[in-house]
Amino acid sequence: MKKSILIFAIIALSGFKSYSQTETTTTAVDHRSNLTFGVKLGLNYSNVYNAQGENFVADAKFGVALGGFVSITLGSFIGIQPEILYSQKGYKSSGTFLGTPYGMTRTTNFIDVPIYFVVKPVENISILFGPQYSYLLKQTDDFTGGSLSATDVQNYTNDNIRKNIFGLAGGLDINVDHLVIGVRAAWDTTTNNGDGTSYTPKYKNMWYQATLGYRF
């Protein structure tokens with residue numbers, strides 16, 4: 001009986017030692033030094049700032065954000081992460097245009113290309129900040145109320161708008177195995193107004209972004 005107990009104890013001790021070694025080996029794997037790429041999908045909550053226009057008042061709106069990223073390591077604690085995203089921004093507004101009251105929802109579809117400098121203080125957290133280039137693909141304005149004609153709307157939406165916009169972006173990634181939970185805040189440093197001749201209210205975009213990604 002004592003011999004059986006001794007054998008069982010030896011087997012249990014060996015199993016525990018093997019499990020502990022496995023756990024230690026698994027814990028020691030640090031993905032911060034790996035080159036990874038992935039895809040992400042989420043939402044923007046956007047508005048504008050530095051707005052200038054006749055009685056121009058803006059409120060925030062939601063839009064879609066989706067795209068991909070590449071995480072390039074420069075060591076265990078720093079790296080670079082370029083991304084390319086299809087990103088919907090815009091705002092809701094009310095005011096007057098040429099003396100006429102209106103309500104409007106503007107949706108702007110952009111291709112955003114942020115290039116982040118990344119600091120990775122621990123394995124599961126990445127802090128990101130860097131410049132961003134945005135290219136305007138499409139702008140849609142939905143008007144309600146007032147007495148604007150179809151011609152007024154056409155002239156308003158085809159106004160002189162800047163398509164190439166530069167800005168800054170920053171945020172945080174939480175890495176859980178292959179999943180990446182990302183939050184961002186970003187803002188334009190150049191306005192939407194092309195050469196200054198536009199009748200459209202002058203503004204800069206700003207937005208908050210939350211995404212869920214998968215890294216390979």
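Structure: see above.
(A) Expanded view of the packing of aromatic side chains. Applying the stated criterion to the full structure yields 5 aromatic pairs. Ring centres of Tyr133 and Phe166 lie 5.4 Å apart, and the angle between their planes is 55°; on these two criteria the pair is classed as tilted. With a gap of 33 residues between them, Tyr133 in strand E6 (residues 125-144) and Phe166 in strand E7 (residues 164-176) connect regions that are remote in the sequence. Owing to a relative accessible area of 27%, Tyr133 belongs among the partly exposed residues under this scheme. Look at Phe166 and you get partly exposed, because its relative accessible area is 46%. Among the aromatic residues, ring-to-ring pairing joins Phe37, Tyr214 and Phe216 into one connected group. Note that Lys89 overlies the ring of Trp207, its terminal NZ or CZ placed 3.7 Å from the centroid. Positioned over the ring face of Tyr116 is Arg184, at 5.0 Å from the centre of the ring.

(B) View of the pairing of strand E8 (residues 179-188). Judged by which residues are buried, E8 turns out to be one-sided: Val180, Gly182, Arg184, Ala186 and Asp188 face inward and are buried, whereas Leu179, Ile181, Val183, Ala185 and Trp187, on the alternate face, are not. Bridge count between E7 and E8: 10 bridges; the pairing is antiparallel. Following the sheet pairing, Gly167 is matched in E8 by Asp188. Linking E7 back to E8 in an antiparallel pair, the connection comprises 2 residues, with Asp177 at a positive phi of about 55°.

(C) Up close: unusual backbone geometry. Positive phi is not limited to glycine here, since Asp177 has a value of about 55°. Its place among the elements puts Asp177 in the loop between E7 and E8.

(D) Summary view of the environment of Ala210. Mapped onto the secondary structure, Ala210 falls in strand E9 (residues 202-215). With 169 residues separating them along the chain, Ala210 and Leu41 place their C-alpha atoms 8.4 Å apart. Those residues in contact with Ala210, other than ones at most four positions away along the chain, are Gly42, Leu43 and Gly182.

(E) Quick look at the pattern of salt bridges. Summed over the entire model, instances satisfying the criterion amount to 5 salt bridges. Close ionic contact of Asp112 with Lys89 constitutes a salt bridge, the shortest N to O distance being 3.1 Å. Pair noted here: Asp112 is in strand E5 (residues 100-122) and Lys89 is in strand E4 (residues 78-97), with a separation of 23 residues, a long-range link. The exposure class assigned to Asp112 is buried, which follows from its relative accessible area of 1%. The shortest N-O distance in the salt bridge between Arg106 and Asp141 comes to 2.7 Å. One end of the pair, Arg106, is in strand E5; the other, Asp141, is in strand E6, and 35 residues separate them in sequence. When sorted by exposure, Arg106 lands in the same class as Asp141, which is buried.

Definitions and cut-offs
Residues numbered from 1 in each chain as written. Predicted model: local features only at pLDDT ≥ 70, side-chain atom pairs only at ≥ 80, totals over all residues. Heavy atoms only, no water. Phe/Tyr/Trp six-rings, centres within 6.5 Å; stacked < 30°, edge-to-face > 60°. Helix = DSSP H or I, 4+ residues; strand = E, 2+ residues; numbered from the N terminus. Buried < 20%, exposed > 50% of the residue type's maximum accessible area, 1.4 Å probe, protein only. Lys NZ or Arg CZ within 6 Å of the ring centre and 35° of its normal. Pairing = 2+ DSSP bridges. Contact = heavy atoms within 4.5 Å. Salt bridge = Lys/Arg side-chain N within 4 Å of Asp/Glu carboxyl O.

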